[in-house]
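Structural features, examined
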Amino acid sequence: MSFLTGVTNYLSQNKKPLTALLSLSNIKANYSHNSPFQYKNKFTLRAPDKQPPNEVMRRTVHGRRLPKQLINFGSKEGIELFKDTLSKGYANNYFALAGNFTTQSDPSYCGLGTLCMVLNAVEVDPCKRWKGIWRWWADDMLECCYSLEYVRKHGIDFRDFICLSRCNGLTVIPKRAENYTKQEFIQDVEEACQTYDKHIIISYSRKGLGQTGDGHYSPIGGYHKKTNNMLILDVARYKYPSYWCDIDLLWKSLNMIDKVTGHSRGYFLVQKADRTAIPLCKFNRDPDDWKPLSDFYLKTIPAEIKKQSPKNPKEIVECILDSIPEFLDLFVIPNYFLPPLEAKSQLMKLVEEAKASHYYHYVDKYVRTRPGPGVTPEREANVKKLNDFLIKYPLKFKLPEHFGYKFKPQEVYELKIAGMVLWLMSLPGVIFDKVLSKELYSIYEKSHDPSRMIGKYVADSTAVTRATPLLYEEVRRLSDYQSVALHSVHTFIHDLPKACESLKI
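Structural notes, computed from the coordinates. (Residues numbered from 1 in each chain as written. Predicted model: local features only at pLDDT ≥ 70, side-chain atom pairs only at ≥ 80, totals over all residues. Heavy atoms only, no water.)

1. What about the nonpolar core?
Counting 63 residues, the largest nonpolar core has Tyr297, Met420, Trp423 and Phe432 as the members making the most contacts within it. Tallying contributions element by element places helix 17 (residues 409-426) first for this core, with eleven residues. Membership of the second largest hydrophobic core comes to 43 residues, among which are Phe82, Cys110, Leu231 and Leu233. (Core = buried A, V, L, I, M, F, W, Y, C linked by side-chain atoms within 4.5 Å. Buried < 20%, exposed > 50% of the residue type's maximum accessible area, 1.4 Å probe, protein only. Helix = DSSP H or I, 4+ residues; strand = E, 2+ residues; numbered from the N terminus.)

Encoded structure:
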């Protein structure tokens, strides 16, 4: 059907030709692949078109006026402030941000839009396709911590933003306003605004600035020292323009309590991390799908540790492995977003690094346990259960399909054990702090924290080995991921009030 024929038929079938004609500008047509002038389906109207034009105008908003205490960046006064700020060297970070200014694509995506803007500003390679042949960040690509549907419904809080930043290739230093002074905030802003590759992102309440709405994220693009004003590059550009805000007013909005977390809001110091943006590994479950696992993390593991009273990290690992239930559907799997050749080489390198960890030897020895003296029937049953769990590990079919390489049985086995190692090393320490003695918890922390590991595997139950940067980053990402996932489960907050300590924020 040609375009003209389609319009003619549409008008002739409509009982109110004038109304139909007025709505033609909003008609959505589906093109076929053969020709841009051919249509696969009939014309369909977008939802707003079902309402009369005057009703659409009445129910929608074209931007809002800034409160009088804020200075429009594009106003004469705002431009003069920017000129002076630029001459003093306190807007050096502005141009990288302005060149990649992003408007959030959904009312709930302020955190994603802000993060996207900064990722493009510091030139982090997303390692995945945006459109066509181009790799570029868009806010619908940031799903490593939460599904987009979850973010659209709930937004993201302070803790979620940390997870998203780290797993997408940024180094982030989170600072809740309740733990810092206004002067420390000013010093951080001054330092960030004088650089070209560091940025500061604020998590604030719009209510504190006299705006409509509440929690919001945006980067700071300049600091006018004389008047104590900061330039906020608002990513909700459909709502408010960018503006200058007095530091006292902004600090008040940073200190307002977030009802979801029970803590103040704050800010983040971010810059490009020295690592790939895409994690090599990930969990097979979205963080908003962890409710069935809450009892395993919060009750089963602690109960098994209390029951067995382990005396060293090796015995702690055995307790955790003993506690794995038959129904567990949680696996650390390769991230299939990476290009096959790069993923394969990096993945095998990660496996080799995991094999140098004492955790690998603990798990490997446990899996290979056979009936005999010193092996209780209960341990024998648990070992069989873990071997059955490893058989279910979802690697067999996707590995050859993605990498174009047939892995040997031993390589598949090593990938599975390495996945178990990454999971064990990334378990949030908050799970153990109430069930281990102070002395044992201290030993566990040293063997658990990859940043403190030194040397190769030593056959000693208290041995400590250092992780390489690759292993360390994967463990940290997975640890953040688990903390965010468990934090989203309501029972976690009530059963363990010290949940936030696992991220020290």
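2. A look at the environment of Thr85
With respect to the helices and strands, Thr85 occurs in helix 4 (residues 76-87). Assessed through its relative accessible area of 1%, Thr85 is described here as buried. Each C-alpha atom of the pair Thr85 and Cys193 lies 9.8 Å from the other, and the pair is 108 residues apart in sequence. Apart from residues lying up to four places away in sequence, Thr85 is in contact with Tyr90, Ala91, Gly222, Tyr223, His224 and Trp244. At a separation of 2.7 Å, a polar atom in the side chain of Thr85 contacts the main-chain carbonyl oxygen of Leu81. (Contact = heavy atoms within 4.5 Å. Polar contact = N/O pair within 3.5 Å; in protein donor to acceptor, adjacent residues only side chain to side chain.)

3. Considering the side chain of Ser479
Among the structural elements, Ser479 can be located in helix 19 (residues 469-487). Looking at Ser479, the relative accessible area reads 19%, which means it is buried.

4. Remarks on helix 12 (residues 313-323)
Extensive coverage of helix 12 is indicated by the burial of nine of its eleven residues. By the burial criterion, the buried members of helix 12 are Pro313, Ile316, Val317, Glu318, Cys319, Ile320, Leu321, Asp322 and Ser323.

5. Looking at the pattern of salt bridges
Inspection of the entire model under this criterion finds 21 salt bridges. A salt bridge links Asp248 to Lys182, with the nearest nitrogen and oxygen atoms 2.5 Å apart. Pair noted here: Asp248 is in helix 10 (residues 247-254) and Lys182 is in helix 9 (residues 182-193), with a separation of 66 residues, a long-range link. Assessed through its relative accessible area of 32%, Lys182 is described here as partly exposed. The residue Asp364 makes a salt bridge to Arg368 at a minimum N-O spacing of 2.8 Å. A relative accessible area of 18% places Asp364 in the buried class. Relative accessible area serves as the criterion here: at 44%, Arg368 is assigned to the partly exposed category. Salt bridges sharing common partners tie together Lys314, Glu318, Asp322 and Arg379. (Salt bridge = Lys/Arg side-chain N within 4 Å of Asp/Glu carboxyl O.)

6. Digging into the pairing of strand 6 (residues 215-224)
The side chains of a regular strand alternate between both faces of the sheet. Counting buried residues in strand 6 gives nine out of ten residues, a clear majority hidden from the surface. As defined by bridge partners, strand 5 (residues 198-205) adjoins strand 6 across five bridges and the pair is classed as antiparallel. Directly across from Ile202, in strand 6, lies its bridge partner Ser218. As judged from the four bridges shared by strand 6 and strand 7 (residues 229-232), these two strands associate in the antiparallel manner. Its bridge partner being in strand 7, Gly222 is matched across the sheet by Leu231. Joining the antiparallel neighbours strand 6 and strand 7 is a turn of four residues, in which Asn228 adopts a positive phi near 60°. (Pairing = 2+ DSSP bridges.)

7. A few points about helix 10
Most of helix 10 is tucked away: six of the eight residues are buried. Listed as buried for helix 10 are Ile247, Leu249, Leu250, Trp251, Ser253 and Leu254. Contact partners of the buried residues in helix 10: helix 9, strand 5, strand 6, strand 7, strand 8 (243-246) and strand 9 (266-272). For helix 10, the capping residue at the N-terminal end is Asp246, with a side-chain oxygen 3.0 Å from the backbone nitrogen of Asp248.

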